[in-house]
Amino acid sequence: MKIRTISIILLIALALIPCLPTLADNSSTVTITMLTDKYIEITLEPTEWNIGDVDPNTEYMTSPTWCTVTNSGNCAVDIHIEGEDAVWVDSPATKWALSKNGDNGQSTYAMWYHIAYDDADSYTLITTSDTRMQKENEDPVRLIDSNDSKQFGLKLLTPEAALLVDGAEYLYGGREMRSTVTVSAVAD
């Protein structure tokens, strides 16, 4: 009986040897690896709007169907948009702040987008916050299938001119100001 008990204990000990590192692990991390067949991708065409020389307190517009955003992925996506302050290319510390309410001022500019096939006067303000593109009080811009696309245009209102001591107005000339508008996709 004693040999039999020792044999069973030895058998259990041998069976547990490969498990000892696992039993001794105090880690609370679980690694899970998953694969998915869904991916998000969009393309934009064109990707630059070179306005050229601008005047103070003046609106500039692309054509309402200036840019096309296309779903290049394989799942439905909502389209988002976000602007940023414009900076002087040679000295990024010099900025035009992007307006939060559509008003311009000295060193403050405003920008809007227009979804093609909307009312021609229907523009939505672009801010520095990531927001879904949509017509006012309507569904967001959603691209359901691969190769679905929507077109949009932009409108820019330049800053007001600064006043000189003698009452003359000016907008610093010869500065190349650059801003980025980020268009992104979020899975529906």
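This write-up is about the structure you can find in this document. (Residues numbered from 1 in each chain as written. Predicted model: local features only at pLDDT ≥ 70, side-chain atom pairs only at ≥ 80, totals over all residues. Heavy atoms only, no water.)

Right, let's get into the overall build of the protein chain. Scanning the protein chain from N- to C-terminus turns up two helices and 15 strands. Looking at the 188 residues of the protein chain, the share that counts as buried comes to 28%. Nonlocal contacts in the protein chain, meaning residues at least 24 apart in sequence, comprise 74% of its contacts between residues at least 6 apart. Entry remark: accessible area of the protein chain is about 12,800 Å², with carbon and sulfur atoms responsible for 52%. (Helix = DSSP H or I, 4+ residues; strand = E, 2+ residues; numbered from the N terminus. Buried < 20%, exposed > 50% of the residue type's maximum accessible area, 1.4 Å probe, protein only. Contact = heavy atoms within 4.5 Å. Areas by Shrake-Rupley, 256 points an atom, 1.4 Å probe, with all protein chains shown as cover.)

In total, this model carries three salt bridges according to the counting rule given. Across the salt bridge formed by Lys155 and Glu59, the nearest N and O atoms sit 3.9 Å from each other. Highlighted residues: Lys155 in strand E11 (residues 149-157) and Glu59 in strand E2 (residues 59-61), separated in sequence by 96 residues. Taking relative accessible area as the criterion, Lys155 reaches 14% and is therefore assigned buried. A residue is classified by how much of its surface remains accessible, and Glu59, at 43% relative accessible area, is partly exposed. Asp78 is the salt-bridge partner of Arg142, the closest N and O atoms lying 2.6 Å from each other. Here Asp78 lies in strand E4 (residues 77-82) and Arg142 lies in strand E10 (residues 142-143), a separation of 64 residues in the sequence. The class for Arg142 is partly exposed, based on a relative accessible area of 30%. Overall, Asp78 belongs to the buried group, its relative accessible area being 7%. (Salt bridge = Lys/Arg side-chain N within 4 Å of Asp/Glu carboxyl O.)

With that out of the way, let us pick up the layout of surface pockets. Taken as a whole, the largest pocket holds about 970 Å³ of empty space. Taken together, 34 residues form the lining of the largest pocket, with Trp49, Ile51, Met177, Arg178 and Ser179 sitting closest to its centre. Counting only elements with at least two residues in the lining of the largest pocket, the list comes to strand E7 (108-115), E11 and strand E14 (177-178). Counting residues per element, the lining of the largest pocket draws most heavily on E11, at three residues. Counted by class, the lining of the largest pocket contains 20 nonpolar, eight polar and six charged residues. (1 Å grid on protein atoms, 1.4 Å probe; cavity = no way out; pocket = protein on both sides within 12 Å on 5 of 7 lines; lining within 4 Å. Points joined across faces, edges and corners; volume = space filled by probe spheres on them. Nonpolar A, V, L, I, M, F, W, Y, C, P; charged D, E, K, R; others polar.)

Further remarks concern unusual backbone geometry. A cis amide bond, omega 0°, links Glu45 with the succeeding residue Pro46. The residue Pro46 is located in the loop between strand E1 (42-45) and E2 in this model. One non-glycine residue, Asn57, lies in the positive phi region at around 50°. Here Asn57 is to be found in the loop between E1 and E2. Classification of Asn57 by relative accessible area gives partly exposed; the value is 46%. Positive phi values are uncommon outside glycine, yet Ser107 reaches one of about 65°. Structurally, the position occupied by Ser107 is in the loop between strand E6 (91-98) and E7.

A few words on the side chain of Asn104. Among the secondary structure elements, Asn104 is positioned in the loop between E6 and E7. Overall, the relative accessible area of 16% leaves Asn104 in the buried class. Of the polar contacts made by the side chain of Asn104, one reaches the side chain of Asn57; its length is 2.7 Å. Within the structure, the side chain of Asn104 is placed 2.7 Å from the backbone oxygen of Thr158, a separation counted as a polar contact. Ignoring any residue separated from it by four or fewer positions in sequence, one finds Asn104 in contact with Asn57, Tyr109, Leu157, Thr158, Pro159 and Glu160. (Polar contact = N/O pair within 3.5 Å; in protein donor to acceptor, adjacent residues only side chain to side chain.)

Bringing the pairing of E7 into the picture now. The element E7 is largely enclosed, with a buried count of seven among its eight residues. As judged from the two bridges shared by E6 and E7, these two strands associate in the parallel manner. From the neighbouring strand, Ala97 faces E7, where its bridge partner is Thr108. Inspection of the sheet shows E7 paired to E11 by six bridges, in the antiparallel sense. Paired with Ile115 across the two strands is Phe152, which belongs to E11. (Pairing = 2+ DSSP bridges.)

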